[in-house]
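# Architecture and fold: a report
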Amino acid sequence: MSISNQSIMSEPSESGRFGEFGGRFVPETLVPACQELEAAFREAWADPIFRAELDQLLKEYAGRPSMITECYQLGAKLGIRLVLKREDLNHTGSHKINNVLGQVLLAKRMGKKHIVAETGAGQHGVASATAAALMGMSCKVYMGAVDVERQGLNVFRMKLLGAEVEAVHSGSRTLKDAVNEAMRDWVASVESTHYCLGSVMGPHPYPWMVREFHRVIGSEAREQCLERYGSDPDFVVACVGGGSNALGIFSGFVDTKARLIGVEPAGGAAVGRGQPGVVHGMRSYLMQDEYGQVQEAHSISAGLDYPGVGPEHSYLASIGRAEYPTVTDTEVIEAFQLMAKTEGIIPALECAHALAWISREAPKMQGKTVLMNLSGRGDKDVGQMMEILG
Amino acid sequence: MISTSLTPLEVTLRAKRDAGRKLLVPYVTGGLKGWTDAIRAAAANGADVIEIGLPFSDPVMDGPIIQQASQQALDDGATPISILEGVRTLDVDVPLVVMCYYNTVHHAGHERFASQLFQAGIVGAIIPDLPLEESGPWCAAADAVGLATIMLAAPTAPDERLPRVCARARGFVYSVGLLGVTGERTELAATASLLAKRLKKVTDIPVIIGVGVSNSAQAVEACKVADGIVQGASVVRRLMEGGPDAVGAYVAEVRAAIDASTV
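### Considering the nonpolar core
Within the largest apolar cluster, 225 residues are counted, with the highest numbers of intra-cluster contacts made by Val-237 of chain A together with Val-28, Ala-153 and Ile-229 of chain B. Taken together, domain 1 (17-57 + 96-206) and domain 2 (63-94 + 215-389) of chain A each give at least three residues to this core, which thus spans both. Other than its neighbours up to four places away in sequence, Ile-229 of chain B contacts Leu-24, Val-25, Ile-208, Ile-209, Gly-210, Val-213, Ala-219, Ala-222 and Cys-223 of chain B.

### Some thoughts on the domain arrangement of chain A
Residue and element names in this part refer to chain A. Here the domain parsing of chain A yields domain 1 (17-57 + 96-206) and domain 2 (63-94 + 215-389). In this assembly, 34 residues from domain 1 lie in contact with 39 residues from domain 2. Per-element accounting of the side of domain 1 that touches domain 2 gives the leading share, five residues, to strand β2 (residues 21-25). Along the lines of polarity and charge, the residues of the side of domain 1 that touches domain 2 split into 14 nonpolar, 15 polar and five charged.

### Points about the interface of chain A and chain B
Opposite the 28 residues of chain A that make contact, chain B presents 30 residues. Secondary structure elements with two or more residues in the side of chain A that touches chain B: β2, α1 (31-45), α8 (175-189) and β11 (275-279) of chain A. Residue contributions to the side of chain A that touches chain B peak at six residues, all from α8 of chain A. When its residues are assigned to classes, the side of chain A that touches chain B shows 14 nonpolar, 10 polar and four charged.

### Brief notes about the sheet that holds strand β7 (residues 173-176) of chain B
Residues and elements named next belong to chain B. Strands sit in the order β5-β4-β3-β2-β1-β9-β8-β7-β6 across an open sheet of nine strands; the sheet is parallel. Of all strands in the sheet, those bounded by a partner on one side alone are β5 (148-150) and β6 (152-153). Relative to β7, β6 is paired through two bridges, and the arrangement is parallel. Residue Ala-153 lies in a different strand from β7, and its bridge partner there is Ser-175. Those strands touched by helix α11 (residues 233-262) are β1 (23-29) and β9 (228-231), and its axis lies near 175° from that of β1.

### Examining the packing of helix α2 (residues 35-44) of chain B against α11 of chain B
Residues and elements named next belong to chain B. Packing of α2 against α11 brings their axes to within 7 Å, and their N-to-C directions diverge by 20°. Taken together, the axis directions place α2 and α11 in an arrangement best described as roughly parallel. Like other packed secondary-structure pairs, α2 and α11 cross with a definite hand, here left-handed. Counted together, Asp-37, Ala-38, Ala-41, Ala-42 and Ala-44 of α2 and Leu-239, Pro-244, Asp-245, Val-247, Gly-248 and Val-251 of α11 form the full contact between these two elements. A class-by-class count of the residues in the contact of α2 with α11 yields eight nonpolar, one polar and two charged.

What counts, and at which threshold
Residues numbered from 1 in each chain as written. Chains lettered and ligands numbered in written order. Predicted model: local features only at pLDDT ≥ 70, side-chain atom pairs only at ≥ 80, totals over all residues. Core = buried A, V, L, I, M, F, W, Y, C linked by C-beta atoms within 7 Å. Buried ≥ 20, exposed ≤ 12 C-beta atoms within 10 Å, placed from the backbone. Domains from an automatic or database assignment. Contact = placed C-beta atoms within 7 Å. Helix = DSSP H or I, 4+ residues; strand = E, 2+ residues; numbered from the N terminus. Nonpolar A, V, L, I, M, F, W, Y, C, P; charged D, E, K, R; others polar. Pairing = 2+ DSSP bridges. Axes fitted to C-alpha atoms, helices over the stretch in contact; angles between N-to-C directions. Parallel < 35°, antiparallel > 145°, perpendicular 65-115°, else oblique. Left-handed = near helix turned anticlockwise from the far one by under 90°.

Rendered as structure tokens:
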């Protein structure tokens, strides 16, 4: 192999580039904050005391390591060995807690007093509110008005946890606009506030830092697969909105022969249909019109309703190391029910995208081992599904 | 040391500044109803430079008023091309610059965009989400056609950064008046004069305060330190509420106030 897999998914370049993607396209006001954050993360990540503190939180508070579960019924039905990485079993119900515990611990170490965050489905908002409550910081979460509507349960959870939830009424009133509003807040509050970005996106160092905080998913899964099956999986599959759960699990397998599959919603296919663009601080694939106006994504799942994608995904796609197929909302609704009925697990709608792809492509993967990141549980989606399924 | 190759914009602004005039830079969102007449009105009532916003879907440096104006312009079908076509018909003798987000530039391509601006008679560009470290490719394209890249300097910048920002600035340096996004405030933030002072210490290029300079009294206050002021949300609000004539009247009022204070 000519490309050294060792170098893939390590540190980005000095300017925060993964190949030609990434960078730091922020207003001057935020440049010093990004530089400060980069230095603080670099220093903390190399500090055994910080690492031990975070590991302890991940173990005793989040409940790591998360298990792997083989889906015997569903596997038999599809003709594959289907293995789930159970991030849905973490405290707060998704992988988001890994990143948030890392960032809030870091923010505290940096002497910040307040946390701002954006959220789509509400999982990152809930996780941020949780970590802020735990570590005694105030927390404000921006959430698109459309998402506030369809994720009422998570809105209430955030409030219970002491966070302030601000509905965003600008633009498409979904995740992208929540990011805009969180960035506007941060521009005004940067001296006392840490922006707890919820995915592997944004300006350098976020894409790198958030991926490192989620690396634990892939590291554990690699070890668990080896222990359980004596080999690496043939496929590693995860849903992709911004792409944090996918990079977390990919990081454990990028140097194996496993095919890495990031499943995007058909209505939010940044890699599949986008062109390189710059928004939210990064250069990456982006759904945009002929003049560079960012287009609205449309997905049944609030967490994937995002027209961009983390820059490292753009890089992995550009070098052919990962693939980014799409699935439709209809396929997702099928997959959601399939997992509930055959395995007794209600997946988050986001993760149902990964299963939808697996279930569609299973005839081409007969006898193979497929590891899927079940990045969140579906309780939050039950109300919405009740309406859809009547 | 003054470079021998000053952009035309900077030559004009330095001359006015050195003659004792404070520089008034109204901002108008391109494509917003009445925008071309608003520019004519601003030019006729004492503007020294006019900043034309190219509306973007995700304006992260803008507060509610300019967000709303941008959205209206986009809903009415404004594009960078249609706005530049409108610019060609303006026939005003005040230098015109654009304010646009970087994806508009990136999507068109640096050289192509610089040449489109130049051909429409635009003499400078302000790109608020393109910081110093990422500005190289755009600046090269802009320099090549003599277009001034107006750099922004922020209150959060450490001392060592300001001379580097000023060294890369052409035309004038945009001194960001506060920690926050565009919009009207009841008072001029203390950071506005502080940053302008810090900039004046390290550069001879005109220093103009923008973001949060909301009325003629604040303009006068800002001009005690700075070489001039940008009037953004206060102009755009008047255009939306009262049309181009209201813009003309407001620009005249600010002009009179800052002129009176420099006598």
